[in-house]
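Fold and contact review
For reference, the chains in residue letters:
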Amino acid sequence: GQQVMQIPQYQHVQEGEDFTTYCNSSTTLSNIQWYKQRPGGHPVFLIQLVKSGEVKKQKRLTFQFGEAKKNSSLHITATQTTDVGTYFCAGPKGSQGNLIFGKGTKLSVKP
Amino acid sequence: DGGITQSPKYLFRKEGQNVTLSCEQNLNHDAMYWYRQDPGQGLRLIYYSQIVNDFQKGDIAEGYSVSREKKESFPLTVTSAQKNPTAFYLCASSIGSGVSGELFFGEGSRLTVL
């Protein structure tokens, strides 16, 4: 069945270092969404990418959608302790009207 | 303030008991969802509903039941048939089907079976 895979599962960085998480889908996606879940919290929507090759930035966060619309990445420049949490990507599951989530990348930042 | 309210936040249950988790939204969203989250497993879809009086099974519906009698409400019952119910349960809603717009999540309900 359709799968959305994320790597790495865990990432430990020193504050100020960069961080990247990668998302790969087994099928072509019409769009991809990214969410952040702080420890003990709930997922919060970050962004949606729709176009092939699209790049969007939110301050220190850069999101990319692959040309084939099967992969995506989230890059954080100069991490801060406030970036701690788990980052999930999600894409539409076939035509069912719901999303399939990756297992997430858990980021920890050492001050 | 508009949002999604889940209750209770924490719940303890004895084996063999059914328990119902509440999810209410005042965002006027059509679609609502229940996800289960286990450590290292990401979010797995239990049930979803795109319109009142209609709902569909997700990937892990066995041992769960839902109803959608009102647009604002989408309660989830964890039945005794669910063999491993201890988990963090998240309710979400979206304006449309969710595949073209963001999901808004509640704060979650953490269920522990004793």
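Overview of the structure. (Residues numbered from 1 in each chain as written. Chains lettered and ligands numbered in written order. Predicted model: local features only at pLDDT ≥ 70, side-chain atom pairs only at ≥ 80, totals over all residues. Heavy atoms only, no water.)

1. A few points about the packing of aromatic side chains
Under the defined criterion, the tally for this structure stands at 13 aromatic pairs over all chains. Between Tyr35(A) and Phe105(B), the ring centres sit 5.9 Å apart and the planes meet at 90 degrees, which makes this aromatic pair edge-to-face. Taken together, the positions of Tyr35(A) in strand E4 (residues 32-37) and Phe105(B) in strand E10 (residues 104-105) put the pair across two chains. Taken together, a centroid distance of 6.4 Å and an interplanar angle of 80 degrees make the contact between Phe88(A) and Phe101(A) edge-to-face. Remark: Phe101(A) occurs in strand E10 (residues 99-101) and Phe88(A) occurs in strand E9 (residues 85-92); sequence separation between them is 13 residues. With relative accessibility at 2%, the residue Phe88(A) sits in the buried group. Through pairs of rings, three or more aromatic residues link up here, namely Tyr35(A), Phe45(A), Phe88(A), Phe101(A), Tyr33(B), Tyr35(B), Tyr48(B) and Phe105(B). Arg68(B) extends its terminal NZ or CZ atom over the ring of Phe74(B), reaching a point 6.0 Å from the ring centre. (Phe/Tyr/Trp six-rings, centres within 6.5 Å; stacked < 30°, edge-to-face > 60°. Helix = DSSP H or I, 4+ residues; strand = E, 2+ residues; numbered from the N terminus. Buried < 20%, exposed > 50% of the residue type's maximum accessible area, 1.4 Å probe, protein only. Lys NZ or Arg CZ within 6 Å of the ring centre and 35° of its normal.)

2. Remarks on the side chain of Gln33(A)
Residue and element names in this part refer to chain A. Structurally, Gln-33 can be placed in strand E4. Judged by relative accessible area, Gln-33 falls into the buried class, the value being 0%. Of note is the side chain of Gln-33, whose polar atom sits 2.5 Å from the side chain of Tyr-35. (Polar contact = N/O pair within 3.5 Å; in protein donor to acceptor, adjacent residues only side chain to side chain.)

3. Notes on the state of the cysteines
Residue and element names in this part refer to chain A. What the rule picks out here adds up to two disulfides over all chains. A disulfide bridge connects Cys-23 with Cys-89, and the sulfur atoms are separated by 2.0 Å. In this structure, the disulfide formed by Cys-23 and Cys-89 twists by about 80 degrees around the S-S bond and is classed as right-handed. Linking Cys-23 in strand E3 (residues 19-25) with Cys-89 in strand E9, this pair joins segments that are 66 residues apart in sequence. (Disulfide = S-S within 2.5 Å.)

None of this, on its own, says anything about what the molecule does.
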